[in-house]
Amino acid sequence: MSVQPRVSVLMAVWNAEPYLRQAVDSVLSQSLGEVELLAVDDASTDNSLSILREYANSYPDKVRVFALRDNSGQAVARNLALRHARGELVCMLDADDWLSPDALGLAVEQFTSPDICCTVLRLIKEETDGTSVPYPWPLPTLEPITGEEAFRLSLDWTLHGLYVVRRKLHQRYPYDTSCRLYSDDNTTRLHYLHSPLVAFCQGEYHYRQHAQSSTRALTANRFLHVDANLNMKRTLEQESVSSHILRQYERIRWQNYKGQLRLYHLRGGELSPDERQQVHSRLRSVYQTFSQHRLLPFPLFELRQWLGAKLRKN
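In this report, we go over the structure that sits alongside the text. (Residues numbered from 1 in each chain as written. Predicted model: local features only at pLDDT ≥ 70, side-chain atom pairs only at ≥ 80, totals over all residues. Heavy atoms only, no water.)

### Remarks on the pattern of salt bridges
(1) Moving on: Tallied over the entire structure, the rule returns 12 salt bridges.
(2) Moving on: In this structure, the salt-bridge partner of Asp-94 is Arg-78, at a minimum N-O distance of 2.5 Å. Of the two residues, Asp-94 sits in the loop between strand 4 (89-92) and strand 5 (98-99) while Arg-78 sits in helix 3 (residues 74-84), which places them 16 residues apart along the sequence. With respect to class, Asp-94 is no different from Arg-78; both count as buried.
(3) Moving on: For the salt bridge of Arg-267 with Glu-270, the shortest nitrogen-to-oxygen distance reads 3.0 Å.
(4) Moving on: Linked by salt bridges that have partners in common, Lys-233, Glu-237, Glu-250 and Arg-253 make up one network. (Salt bridge = Lys/Arg side-chain N within 4 Å of Asp/Glu carboxyl O. Helix = DSSP H or I, 4+ residues; strand = E, 2+ residues; numbered from the N terminus. Buried < 20%, exposed > 50% of the residue type's maximum accessible area, 1.4 Å probe, protein only.)

### Some points on the packing of aromatic side chains
(1) Moving on: Under the defined criterion, the tally for this structure stands at eight aromatic pairs.
(2) Moving on: Aromatic side chains Tyr-163 and Tyr-192 sit 5.2 Å apart centroid to centroid with 50° between the ring planes, which places their arrangement in the tilted category. Of the two residues, Tyr-163 sits in strand 9 (residues 163-166) while Tyr-192 sits in helix 7 (residues 183-193), which places them 29 residues apart along the sequence.
(3) Moving on: Judged by centre distance (5.0 Å) and plane angle (70°), the rings of Trp-254 and Phe-290 are edge-to-face. A residue pair is termed long-range when its members are at least 10 positions apart, and Trp-254 in helix 9 (residues 243-267) and Phe-290 in helix 10 (residues 273-293) qualify at 36 residues. Exposure class is identical for Trp-254 and Phe-290. Each is buried.
(4) Moving on: Members of the aromatic cluster, each reached through a chain of ring pairs, are Trp-254, Tyr-257, Tyr-287 and Phe-290.
(5) Moving on: The ring of Phe-290 has Arg-253 lying over it, and the distance from NZ or CZ to the ring centre is 4.0 Å. (Phe/Tyr/Trp six-rings, centres within 6.5 Å; stacked < 30°, edge-to-face > 60°. Lys NZ or Arg CZ within 6 Å of the ring centre and 35° of its normal.)

Right under this line is the structure:
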C-alpha cells in the first residue's frame, strides 16, 4: 500500500538525457519519504522518455510519467503534472537540476502555520566551470516574511523563485501559458503575493547554468519577456491589487522593457529579417501599454520620439 505523498515534484522534460538521471535520483533519494515525482516528457527526440519509463517501472509508487505528443513548452507540461499532483505541497524541479537529499524535508518543516504557503529553498548556481555559487539570501534572518514583501523582493529577483508551495495555492494559480518562456516569473510572483507568509529553509536547489540556454540565446523568443511582463500586469489588474503594488510592478516592467529595447538595438542584426520585424512589432505594441496608463515618471513624448526614430532605422 503506497504512502500518501507530502510533496509532489513537477518536472517538465525535453531532451534532457545527459542530466535526467541525476535530477530523478535526487528526488528518489530525499530523506523525506512521502514524495512523488510527476514527470512530463514534452515530445523529446532523445531517450528522455525511455529513461523516465524505466524509473516509473522500477518505482511505481514514486514516479508517474506523462507524455505529450507535441512540444508544448514547460508551462503546459508542468500544468499537466500539477493537475495530477496528490501531495499537500508542490515543488518544481527542472530536468537538468537537482535537489540536496534533505531539501524537501527541511522545507516541509517550515510549514508550521496555515499562513505559511511558500517555503523558499536555498539556491545554488552550478557554473559551467564546475564551481558552485550560492544565491545570496535577501535578508539577514530566516524568519518568515509577508507575501507582499516576498513579491516586492521578487520584482528584481533579489528573492529567487525556487520554493515549495501549498498545492491548493498552486492549482489556483497554475503556470502562465501565454508565453513559452518566462512563465515561471509570473507564477512565482502570484504565489508570493497570495501567501500570507513566506518562509525560508536551508534545503538546496542546485541550478545548472548553461551558456546557450533558451533565455540567453538570441532569437525572437528572447524578447518574449515583454509579453510575459504585460500578461503579469493584466493579471494583477484582474486581481484588483492595490495601486501601490501595481506601480511597483510597472516600474520593474519599464526597466525590463528598456533592457529588451537596448538588446534589440545592440544585437538585432543577428536576427533574421522576419524575426526583426516580429520583434519590432512586439516592442511597438508593448510600448503603447505604458503610454496609456501614465503610471511611470518618465518623459513620454521624448521617449516616443526617440523610440520611433530608432525603430525606423531598422
